[in-house]
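# Notes for the structure review
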Amino acid sequence: MKLPTDHPNRHVLRLLSFWAPTTQSMRAWAMASVVVNAGIAVTGAGVRVTGSGLGCPTWPKCTPDSFIPVAHPEVSMLNMLVEFGNRLLTFLVLAVGVACVVAAFRLAPRRRSLMRLALLQPAGVMAQALWGGLVVNTMLNPFTVGMHFLISTGLIAACWMLYARAGEGDGPARRVTHRDIRRLGHALLAAVFALLVVGVGVSGTGPHSGDEMASRFDLDIEAVARLHADVAYLVVGLTFALLFALHVSNAPRPARRAALALLAVELGQGVIGYTQYFLAVPAALVLLHVLGSTLVWIAALRVVTSLRTRTPQTAPAGHSPAEAAGAPAVV
């Protein structure tokens, strides 16, 4: 199979860059995977807050007799289209994941670390699709719905690691800060994940179930919300401590900027969280809060990867035949 690598249109070249990858285009495809996986996590929340969770009441078909939305006496066509649209986005996420795999396998020389991370993406998307069927078959049980989101966070982590590793060599990891500061970064990442888990508990207890027939966690919403706020305070405190430690130790600028960006995203997320709480959890703010959650997770991953580095690639290892031929790279 041959694809043109000298097309005059730079946008076409970017789309085809997975076939003649460069170090830059490999990272660009990895970042695209981060974006689409974060995006489908947010649109999944959109399905829930619009009450469209069972818009397609069967899986893998939308209705018992059709793979696409058709008039159904018990389901609104709008809800059906919302749910079906989210299912279609899975193919976009899968396509980007496959592009990452092709790019990783065609990058010269091949790097097993990148190939392994890239293969996680289509495998994870297929697992998510199957889990989505379980979500429908369990009538939006809050546990299966919550796990659907948490699996997305795992996929986002794999995509981010592909992005980070594509810009590094394959030598042993070397910390760029004091050992204890790096440990603090790992503790912060664990706290952020705990915050996401508790947030899933809040969502599974709150009013936006995705459908009136869906069950809810039998928990006190006030108590769960307070626990969520407590963990959020812990995360912000750890972030501030890390930022202070990085400043006084004169850590590299990328690490300090990553920690500062994380703190800014957390504060913005806190404003959204308290606003939705006092406004009785409007759907639009729930959607923003889920977006904020994914951004906090990505920013926390960025912090952790900024605290270490690996031996840089040598010039020949960082270039593919496409770079040698002068083909434009995706930036």
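Rules behind the numbers
Residues numbered from 1 in each chain as written. Predicted model: local features only at pLDDT ≥ 70, side-chain atom pairs only at ≥ 80, totals over all residues. Heavy atoms only, no water. Helix = DSSP H or I, 4+ residues; strand = E, 2+ residues; numbered from the N terminus. Contact = heavy atoms within 4.5 Å. Phe/Tyr/Trp six-rings, centres within 6.5 Å; stacked < 30°, edge-to-face > 60°. Buried < 20%, exposed > 50% of the residue type's maximum accessible area, 1.4 Å probe, protein only. Disulfide = S-S within 2.5 Å. Axes fitted to C-alpha atoms, helices over the stretch in contact; angles between N-to-C directions. Parallel < 35°, antiparallel > 145°, perpendicular 65-115°, else oblique. Left-handed = near helix turned anticlockwise from the far one by under 90°.

### Considerations on the environment of Leu242
With respect to the helices and strands, Leu242 occurs in helix α7 (residues 221–248). Beyond its immediate stretch of four places on either side in the chain, Leu242 contacts Ile181, Leu184, Gly185, Leu188 and Val303.

### With respect to the packing of aromatic side chains
By the definition in use, this model includes five aromatic pairs. Summarising the aromatic geometry, the rings of Trp160 and Tyr163 are spaced 5.0 Å apart at their centres and angled 45° between planes, so their arrangement reads as tilted. Taken together, the residues Trp160 and Tyr163, both in helix α5 (residues 142–166) and three residues apart, mark about one turn of the helix. Judged by its relative accessible area of 8%, Trp160 is buried. Geometrically, the ring pair formed by Phe193 and Trp297 is tilted, given 5.9 Å between the ring centres and 50° between the ring planes. Highlighted residues: Phe193 in helix α6 (residues 179–205) and Trp297 in helix α9 (residues 283–306), separated in sequence by 104 residues.

### A word on the state of the cysteines
By definition, a disulfide is the covalent link that joins the sulfur atoms of two cysteine residues. If you walk through the whole model with that rule in mind, you get one disulfide. The thiol of Cys100 is not disulfide-bonded; the next cysteine sulfur, from Cys159, is found 6.7 Å away.

### A closer look at the packing of α6 against α9
In contact at an axis separation of 9 Å, α6 and α9 are set at 165° when each is read in the N-to-C sense. The angle between α6 and α9 falls in the class roughly antiparallel. As α6 packs across α9, the resulting crossing turns out to be left-handed. Taken together, the residues of α9 that come into contact with α6 (itself represented by Gly185, His186, Leu189, Val192, Phe193 and Leu196) are Ser293, Val296, Trp297, Ala300, Leu301 and Val304.

### Re unusual backbone geometry
In this chain, Trp59 is followed by Pro60 through a cis amide linkage whose omega measures 10°. Here Pro60 shows up in the loop between α2 (23–49) and α3 (77–106). In this structure, the amide linkage connecting Ala108 to the following residue, Pro109, adopts the cis form with an omega of -5°. Position of Pro109 among the secondary structure elements: in the loop between α3 and α4 (112–137). A positive phi angle, close to 60°, is found at Leu140, a residue other than glycine. Along the chain, Leu140 falls in the loop between α4 and α5. For Leu140, a relative accessible area of 4% gives the class buried. Even without being a glycine, Asn250 presents a positive backbone phi close to 55°. Checked against the element boundaries, Asn250 lands in the loop between α7 and α8 (253–278).

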